[in-house]
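Notes for the structure review
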2 protein chains.
Amino acid sequence: MALNVKIMKVFIVYAHPEPQSFNAELLKYSVQVLQEAGHQVQVSDLYAMKWKAVADRDDFPWLDAGERLVYGSASGKAFTEKTQLPEIEAEQQKLRWADFVIFQFPLWWYSMPAILKGWVDRVYALKFAYGVGEHSGEKWGDRFGEGTLKGRKAMVVMTMGGREAHYGPRGVNGYIEDLLWPIQHGIFFYPGMDPLPAFTAFEVGHRAAPEEFEKIKSDYRARLLTLETTPIIQYRSQNGGDYDGQQVLKPGREGKGVTGLAIHQINPRVKSYGGEA
Amino acid sequence: MALNVKIMKVFIVYAHPEPQSFNAELLKYSVQVLQEAGHQVQVSDLYAMKWKAVADRDDFPWLDAGERLVYGSASGKAFTEKTQLPEIEAEQQKLRWADFVIFQFPLWWYSMPAILKGWVDRVYALKFAYGVGEHSGEKWGDRFGEGTLKGRKAMVVMTMGGREAHYGPRGVNGYIEDLLWPIQHGIFFYPGMDPLPAFTAFEVGHRAAPEEFEKIKSDYRARLLTLETTPIIQYRSQNGGDYDGQQVLKPGREGKGVTGLAIHQINPRVKSYGGEA
């Protein structure tokens, strides 16, 4: 175990259907690397757990048969009255336990596999992940930089078939940080977690060469051993003075020349999409 | 039935868990409006169908027990060899049947409910929705404007709790067209469908006033009766000359002053995120 390394509690939410996949190998490897560095690790392997992906009334057995389901309200009631399903509460406990949260998945149709989206839909209950703090007048609650999960960091780790250029600021798939905005800003930052830049493994096909997989593992190892010092994506806090009472970014707050969704970041890595000849 | 109206085949993929919801009322209303205008309508009500959200090896009963699952490859094999599950093939047939496709859902965590994401994950098989056309050298297949579903239009219809300002170009949630990029560009445009701007119902809570719901229905009716003439979001075709051999937008192709993901559009409604005081 290295000296001077802060011991972290790392919670990995993992979504891949195949134990023989490279994604599975990367998960196993990452747990080993983290544990050897002295960190504690918990993994929710959603496929192995047969995680129920669909948010529906079965999540609230106490609802009367004919009663209208308002999923958000019901989740808040269950959270407050401690009648949540044990499987949901267990995942919330893991989030509270963690210092660092990883979502690991293959990019499917420019987003997470459904099983992982369904983990978010069900675990992010009202009063746990949203509807936290004061809501009145110009105060829209503790969210985007504040909230239940404040103090934690989070990171996307994903494999994809495409090439890096396709996901660049001018790539046809859309710039990767914009593609991940709903996750990094919407799912991590909303309840208070600061995102690190995603760890992205491009051109991962099952037919890729062994040395390419080894390179990815080696890169990932380097990232895992520097989680503490890797700069976060510095999204602007909702209640930090940059947004007006309608939650609109005040004029001129973005740095000079900053455009696109990067206006919501302090010191974005990519400021614009410029491609003038 | 109105004269001079082209008869359309409209396929609505609908994902809301509660039959008593406003979303359900909006669906029912829209089917009535469309049918009265002479259009044909099919609905896939995913919750009512108990749609299986999770893409896993159960989708390929012919796979040997110990055989490694590569989901994409297996989906392509099943598609080509006509061994797909009937439920998957039925949805593909509805897509082929349609002139116009609607995804209707409540916005949950800045994206679709898991059950709808799982519909995409499973129905968008290799050789059906991707891996279509020539792949060699600088040709990356028929995608983004070409492909199996070319000639169709598509539209997101969604309800959300937040206010419109929160989803504006400088709103804290991120600009709505950027939030929807993974769906409109990634899921609609990739296999060939041209997206219309989303129909968005803001501030839809179950406690909203009746006249607000009536206003939304009336607005939606107006949209439904002008589907044919509403301008599409004009994404750039991958193989139309705007992208180089690495699928990167060529320098200067975006209009003057166009930034962010809007660089991938011809004549975007919002060109920049400017907020200079």
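Residues numbered from 1 in each chain as written. Chains lettered and ligands numbered in written order. Predicted model: local features only at pLDDT ≥ 70, side-chain atom pairs only at ≥ 80, totals over all residues. Heavy atoms only, no water.

What about empty space enclosed by the protein?
A complete count under the given rule lists 5 cavities of 30 Å³ or more for this structure. In this structure, the largest cavity occupies an estimated 160 Å³ of space. As for the largest cavity, its lining consists of 18 residues, of which A:Ser111, A:Pro182, B:Tyr110, B:Ser111 and B:Pro182 are closest to the centre. A class-by-class count of the residues in the lining of the largest cavity yields 15 nonpolar, 2 polar and 1 charged. (1 Å grid on protein atoms, 1.4 Å probe; cavity = no way out; pocket = protein on both sides within 12 Å on 5 of 7 lines; lining within 4 Å. Points joined across faces, edges and corners; volume = space filled by probe spheres on them. Nonpolar A, V, L, I, M, F, W, Y, C, P; charged D, E, K, R; others polar.)

Quick word on the relation of the copies chain A and chain B
Mapping chain A onto chain B is achieved by rotating through 180 degrees and translating by 0.0 Å along the same axis, at an RMSD of 0.0 Å. Here the symmetry operator amounts to a two-fold rotation axis. If distances are taken from each C-alpha of chain A to the rotation axis, the shortest is found for A:Gly260, at 2.0 Å. Interface overlap between copies is the fraction of interface residues in one copy that are interface residues in the other; for chain A against chain B it reaches 100%, indicating a shared surface. (Least-squares fit on C-alpha atoms with pLDDT ≥ 70 in both. Contact = heavy atoms within 4.5 Å.)

Side note on the packing of helix H1 (residues 22-36) of chain A against helix H7 (residues 210-224) of chain A
Residue and element names in this part refer to chain A. Viewed as axis vectors pointing N to C, H1 and H7 meet at an angle of 35 degrees, and their least axial separation amounts to 10 Å. The crossing of H1 and H7 is right-handed. For the pair H1 and H7, the contacting residues are Phe-22, Glu-25, Leu-26, Tyr-29, Ser-30, Val-33 and Leu-34 in the first and Phe-213, Glu-214, Ile-216, Lys-217, Tyr-220, Arg-221 and Leu-224 in the second. Residues of the contact of H1 with H7, tallied by class, amount to 9 nonpolar, 1 polar and 4 charged. (Axes fitted to C-alpha atoms, helices over the stretch in contact; angles between N-to-C directions. Helix = DSSP H or I, 4+ residues; strand = E, 2+ residues; numbered from the N terminus. Left-handed = near helix turned anticlockwise from the far one by under 90°.)

Observations regarding the interface of chain A and chain B
If you look at the interface, chain A gives 75 residues, while chain B gives 75 residues. Of the roughly 5900 Å² buried at the junction of chain A and chain B (both faces included), carbon and sulfur atoms supply 61%. It is A:Trp109, A:Arg170 and A:Val172 that lose the most area in chain A upon contact with chain B, and together they represent 16% of the buried surface on that side. Summed over the shared surface of chain A and chain B, the number is 4 salt bridges. Residues B:Arg170 and A:Glu254 are paired through a salt bridge, measuring 2.8 Å at the closest nitrogen-oxygen approach. Linking chain A with chain B are 26 residue pairs in polar contact (both at pLDDT 80 or more). Sort the elements by how many residues they give to the side of chain A that touches chain B and helix H4 (residues 114-123) of chain A lands first, with 6 residues. Tallied by class, the residues present in the side of chain A that touches chain B amount to 39 nonpolar, 21 polar and 15 charged. (Buried area = accessible area lost by both parts, 1.4 Å probe. Salt bridge = Lys/Arg side-chain N within 4 Å of Asp/Glu carboxyl O. Polar contact = N/O pair within 3.5 Å; in protein donor to acceptor, adjacent residues only side chain to side chain.)

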